[in-house]
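Architecture at a glance
Take a look at the letters that make up each chain.
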Amino acid sequence: GINYAIDILNGFNFNCMLQPDDITFVSGQTDYQVSSWFKSPQHFEVWNSANERVFRLGYKPWGIFAKEHVNLTSQGDPSFYSAMNTHATGIVTLNSAPSTSWIQMYPSGQLVYFRYMQYPTSAGQALDVPSWAVPFVLEQAQGFTADRYATQKADAAYRRAEQHKHRIQVFDSTGQMADQE
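An account of the accompanying structure is given in this report. Computed from a prediction, not measured in an experiment: that's the story for all the values here.

1. Let's talk about the overall build of the chain
On a plain count of helices and strands, the chain comes out with six helices and nine strands. Here the C-alpha atoms of the chain give a radius of gyration of 20 Å, more than 25% beyond the 16 Å that 2.2 N^0.38 yields for 181 residues. Its C-alpha atoms put the chain at 65 × 30 × 30 Å along the principal axes. When the 181 residues of the chain are sorted by exposure, 41% land in the buried category. Contacts in the chain between residues at least 24 apart in sequence constitute 67% of all its contacts with a sequence separation of at least 6. For the chain, the accessible surface area stands at approximately 9,900 Å², while carbon and sulfur atoms represent 51% of it.

Set out below in structure tokens:
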């Protein structure tokens, strides 16, 4: 029940689940490892040597990226990035390998992405969900349990869970969640 509730929440990109990964650019390298919690990109900032944001790389879905950027071994100035099956590979790809001169100007960047909420791995472990999502997880788990042991209570628990999920979506889309930046 709890894992299923987390799966449902992972179907959405909540603003409070944004996570940054610092990336150090390497000359001649187009592929960069990201966290295993990576779900989907939000933006990729490029920083100068003073760690100031200078610009953002554009994002292209993998199908378009692969058609438009066939030679990923050429060195140059990266301007786009993409991610193909990041859940399996853990890699984001730049459209061109940074040159040494480009890296001197822009040695690093930060990929900001939506992360997956993780399943609890042991009894008593805290849930990896924002505090405002706990009521949804609890009601969903109650419905799941009631489906097996007290079927007359299941529908009411699922209705309450659905109400919590709706509230979460509305509040997150309007910036009213307390856990936001």
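2. Considering helix α6 (residues 151–173)
Along its 23 residues, α6 runs 34 Å from first to last C-alpha, staying within 8% of the 33 Å computed at 1.5 Å per residue. Restricting attention to buried positions, one finds in α6 the residues Ala 154, Ala 157, Ala 161, Lys 165, Ile 168 and Asp 172. Packed against the buried residues of α6 are α1 (2–9) and α5 (134–149).

3. Observations regarding the pattern of salt bridges
Applying the stated rule across the entire model yields five salt bridges. Residue Asp 128 pairs with Arg 115 through a salt bridge whose shortest N-O separation is 2.8 Å. On the criterion of sequence distance, the pair formed by Asp 128 in the loop between β9 (108–115) and α5 and Arg 115 in strand β9 is long-range, its members being 13 residues apart. Per residue, the accessibility class of Asp 128 equals that of Arg 115, and both read buried.

4. Here we look at the nonpolar core
Residues Phe 25, Phe 38, Phe 44, Val 92, Leu 94 and Leu 111 are the most contacted members of the largest nonpolar core, which totals 17 residues. When contributions to this core are tallied by element, the ones reaching two or more residues are β3 (38–47), β7 (91–94), α4 (100–105) and β9. If one sorts the elements of this core by residue count, β3 sits on top with three residues. Residues within four places of Phe 38 in sequence aside, it is in contact with Ala 83, Thr 86, His 87, Val 92, Leu 111, Tyr 113, Phe 114 and Tyr 116. Counting residues in each nonpolar core, the second largest holds 15 residues, with Ala 5, Ile 8, Phe 14 and Ala 161 among its members.

5. Focus: the pairing of β7
Note: strand β2 (residues 31–33) against β7, three bridges, orientation antiparallel. By the bridge assignment for β7, Asp 31 is matched with Thr 93. The pairing of strand β6 (residues 80–82) with β7 spans two bridges and is classified as antiparallel. The residue bridging Tyr 81 from the neighbouring strand is Leu 94, located in β7.

6. Focus: the environment of Arg 56
Mapped onto the elements, Arg 56 comes out in strand β4 (residues 53–59). Assessed through its relative accessible area of 52%, Arg 56 is described here as exposed. Separated by twelve residues in the primary sequence, Arg 56 and Phe 44 have C-alpha atoms spaced 5.5 Å apart. Excluding residues within four positions of it along the chain, Arg 56 makes contact with His 43, Phe 44 and Glu 45.

7. Description of the packing of α5 against α6
α6 packs onto α5 with a crossing angle of 160° between their chain directions and a minimal axis gap of 7 Å. Comparing the axis directions of α5 and α6 gives the class roughly antiparallel. For the element pair α5 and α6, the recorded crossing hand is left-handed. Facing α5, whose interface residues are Pro 135, Phe 136, Glu 139, Gln 140, Gln 142, Gly 143, Phe 144, Ala 146, Asp 147 and Tyr 149, α6 presents Thr 151, Lys 153, Ala 154, Ala 157, Tyr 158, Arg 160, Ala 161, His 164, Lys 165 and Ile 168.

Reading the values: the criteria
- Per chain, residue numbering runs from 1 following the sequence as it is written.
- Per-residue local features of the predicted model are confined to residues with pLDDT of at least 70, and side-chain atom pairs are confined, for both listing and counting, to 80 or more; whole-chain, interface and lining totals are unaffected and use all residues.
- Computation of side-chain values: all heavy atoms of the structure, hydrogens and water removed.
- Numbering of helices and strands runs from the N terminus; a helix is a DSSP stretch of H or I covering at least four residues, while a strand is a stretch of E covering at least two.
- Our radius of gyration is a C-alpha quantity, and the globule rule it is checked against amounts to 2.2 Å times the number of residues to the power 0.38.
- Classification of residues uses two cut-offs on accessible area relative to the type maximum, computed with a 1.4 Å probe and protein chains only: under 20% is buried, over 50% is exposed, and between them is partly exposed.
- Any two residues whose heavy atoms approach within 4.5 Å are treated as being in contact.
- Computed with the Shrake-Rupley method and a 1.4 Å probe, the accessible areas treat only the protein chains shown as cover for residues.
- An expected span of 1.5 Å times one less than the residue number is assigned to each helix.
- Just to be clear on terms, a salt bridge is a Lys or Arg side-chain nitrogen sitting within 4 Å of an Asp or Glu carboxyl oxygen.
- For the purposes of this section, nonpolar cores are sets of buried Ala, Val, Leu, Ile, Met, Phe, Trp, Tyr and Cys residues that join through side-chain atoms within 4.5 Å.
- When DSSP finds at least two bridges between two strands, those strands are taken to pair.
- In this analysis an axis means a line fitted to C-alpha atoms, helices contributing only their contacting stretch, and an angle means the value between N-to-C directions, from 0 to 180 degrees.
- The scheme is simple: roughly parallel for angles under 35 degrees, roughly antiparallel for over 145, roughly perpendicular for 65 to 115, oblique for anything else.
- Two helices that cross are described as forming a left-handed crossing if the nearer one is turned anticlockwise from the farther one by less than a right angle, and a right-handed crossing if clockwise.

Any functional reading would require information beyond the geometric quantities listed.
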